[in-house]
Amino acid sequence: MIHRLTVVGLGLLGGSAAIAARKRGLAREIVAVGRRAERMAPALADGVVDRVTTDIGEGLRDADFVLLATPVTAIEALLPEVWRVTRADAVVSDVGSTKRAIVSAAERLARSRALAFVGGHPMAGSEQSGYAAARADLFAGTTVILTPTELTDRLAVKRVSEFWEALGSRVVTLDPDVHDRVVAAVSHLPHLVAFALVDAAVRLDPGALGFAGRGFADTTRIAASDPGVWRDIFLANREALAETLATFRLALEDLERLVA
């Protein structure tokens, strides 16, 4: 049982985690932190969270489990404040789609003040975004990747694992660098390709999309994802993504030769 769960960022992932935790009775109190109180008001009205605040210090005060669910660049930027105000015995984790930079930043901060951080990434999502798209079963049957290092507190890893398992997820662990290379291939590249496919169709013929069938729609569904979120992910994982794109380009060239 979590005494106070604080979710920073009440969008699709953070909102779904809060809804599922409430439904399963995992926390006595759930607090949401966000930039705009009005955007968190529906979760308060639904009874998903007990309190909302735009003040991260207030939101993290006395929390024993903190889940950072903002875009990846915001997570890294928030860490110094998280380290400053979170109580020493709390566990902090995140849902960021890239891990190397976030985990490295957390370990640098841990040199000056001990605080248990466990990098995390649920392999779940939708082309839809925001709390309105959140649902209790988003993580059921999905894989959550945790990225502990030799410096990570093992009890904290256990607590974070138990949290995700209670939401119905299968938990695996990867090195942060390995994680970023793996998700570049199976998540980031597919999104980039979906964006490119839509762009290519419009470049070939601006009216082509009006004739697209289910095959095109199924292939490019994720191109409807929030472009701001994916811009941050692509930039945060640019090195691994560049390597994956180079390999993908070779595969395309092989196909092009076969077609010719």
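Scroll up to find the structure this text is about.
Read on for a plain summary of the structure.

Here strand β5 (residues 91–94) shows no split at all, with V91 and S93 on one side and V92 and D94 on the other all buried. For strand β4 (residues 65–68) and β5, the ladder comprises four bridges, and the chain directions are parallel. Counterpart to L67 in the pairing with β5 is S93. Between β4 and its parallel partner β5, the chain crosses via helix α4 (residues 72–85), and the hand of that crossover is right-handed. Bridging between β5 and strand β6 (residues 116–118) involves three bridges; their strand directions are parallel. Opposite S93, over in β6, you have V118 as the bridge partner. Chirality of the crossover, the property in question, places the unit of β5, helix α5 (residues 100–110) and β6 among those that are right-handed.

Moving on, we get to the pairing of strand β2 (residues 27–33). Among the seven residues of β2, six are classified as buried, and the element is accordingly described as predominantly covered. Alignment of strand β1 (residues 2–8) against β2, held across six bridges, turns out to be parallel. Considered in β2, the bridge of V8 is made with V33. This β-α-β element, β1 to helix α1 (residues 12–23) to β2, shows right-handed connectivity. Strand direction decides the pairing type here: β2 and strand β3 (residues 51–53), joined by three bridges, are parallel.

Below, the discussion takes up α4. Between the first and last C-alpha of α4 there are 20 Å, a value that for 14 residues agrees with the 20 Å anticipated at 1.5 Å per step. Bending of α4 peaks at approximately 40 degrees at the position of L78, with proline P80 no more than four residues after it. For α4, the full list of buried residues reads V72, I75, L79, V82 and W83.

Turning our eyes to something else, we now look at the environment of R108. In this structure, R108 sits in helix α5. Accessibility expressed as a relative area gives 46% for R108, which makes it partly exposed. It is 9.9 Å that separates the C-alpha atoms of R108 and P80, two residues lying 28 residues apart in sequence.

What follows deals with the sheet that holds β1. What the six strands build is an open sheet, ordered β3-β2-β1-β4-β5-β6; its pairing is parallel. Looking at the sheet topology across the chains shown, the edges are occupied by β3 and β6. Across the sheet, the mean angle separating the axes of adjacent strands is 20 degrees when strand polarity is ignored. Packing against the sheet, α4 makes contact with β1, β4, β5 and β6, and its axis sits at approximately 155 degrees to β4. Its contacts with the sheet place helix α6 (residues 154–166) against β1, β4, β5 and β6, and it is angled at close to 70 degrees to β4.

Turning to the sheet that holds strand β8 (residues 143–146), a few remarks are in order. Hydrogen bonding along the main chain pairs the strands of a sheet, whether they run parallel or antiparallel. Across the sheet, which stays open at both edges, the three strands sit in the order β7-β8-β9 with mixed pairing between neighbours. The open sheet terminates on both sides in strands that have one partner only, identified here as β7 (120–122) and β9 (170–173). Averaged over neighbouring strand pairs, the angle between their axes works out to 20 degrees when direction is ignored. The pairing of β8 with β9 spans four bridges and is classified as parallel. Across the sheet, residue V144 finds its bridge partner in β9, namely V171.

If you look at the biggest cluster of nonpolar residues, it comprises 41 residues, and the most contacted ones within it are L5, L10, F139, F163 and W164. The element that contributes the greatest number of residues to this core is α1, accounting for seven residues. Residue contacts for L10: discarding those within four places in its chain leaves G15, A18, A32, M40, A43 and Y131. Within the second largest apolar cluster, 23 residues are counted, among which are V33, V82, A106 and W230.

Estimated volume of the largest pocket: approximately 1300 Å³. Residues that form the lining of the largest pocket fall into these classes: 21 nonpolar, 17 polar and six charged. Of the pockets and cavities examined, the second largest pocket occupies roughly 220 Å³. Residue lining of the second largest pocket: 17 residues in total, with A110, L115, F117, L151 and T152 positioned closest to the centre. When contributions to the lining of the second largest pocket are tallied by element, the ones reaching two or more residues are α5 and β6.

So, how was this worked out
- Residues numbered from 1 in each chain as written.
- Predicted model: local features only at pLDDT ≥ 70, side-chain atom pairs only at ≥ 80, totals over all residues.
- Heavy atoms only, no water.
- Buried < 20%, exposed > 50% of the residue type's maximum accessible area, 1.4 Å probe, protein only.
- Helix = DSSP H or I, 4+ residues; strand = E, 2+ residues; numbered from the N terminus.
- Pairing = 2+ DSSP bridges.
- Right-handed = clockwise from strand over helix to strand, strands pointing away.
- Expected span 1.5 Å × (residues − 1).
- Bend = angle between axes of the 7 residues up to and from the residue.
- Axes fitted to C-alpha atoms, helices over the stretch in contact; angles between N-to-C directions.
- Contact = heavy atoms within 4.5 Å.
- Core = buried A, V, L, I, M, F, W, Y, C linked by side-chain atoms within 4.5 Å.
- 1 Å grid on protein atoms, 1.4 Å probe; cavity = no way out; pocket = protein on both sides within 12 Å on 5 of 7 lines; lining within 4 Å.
- Points joined across faces, edges and corners; volume = space filled by probe spheres on them.
- Nonpolar A, V, L, I, M, F, W, Y, C, P; charged D, E, K, R; others polar.

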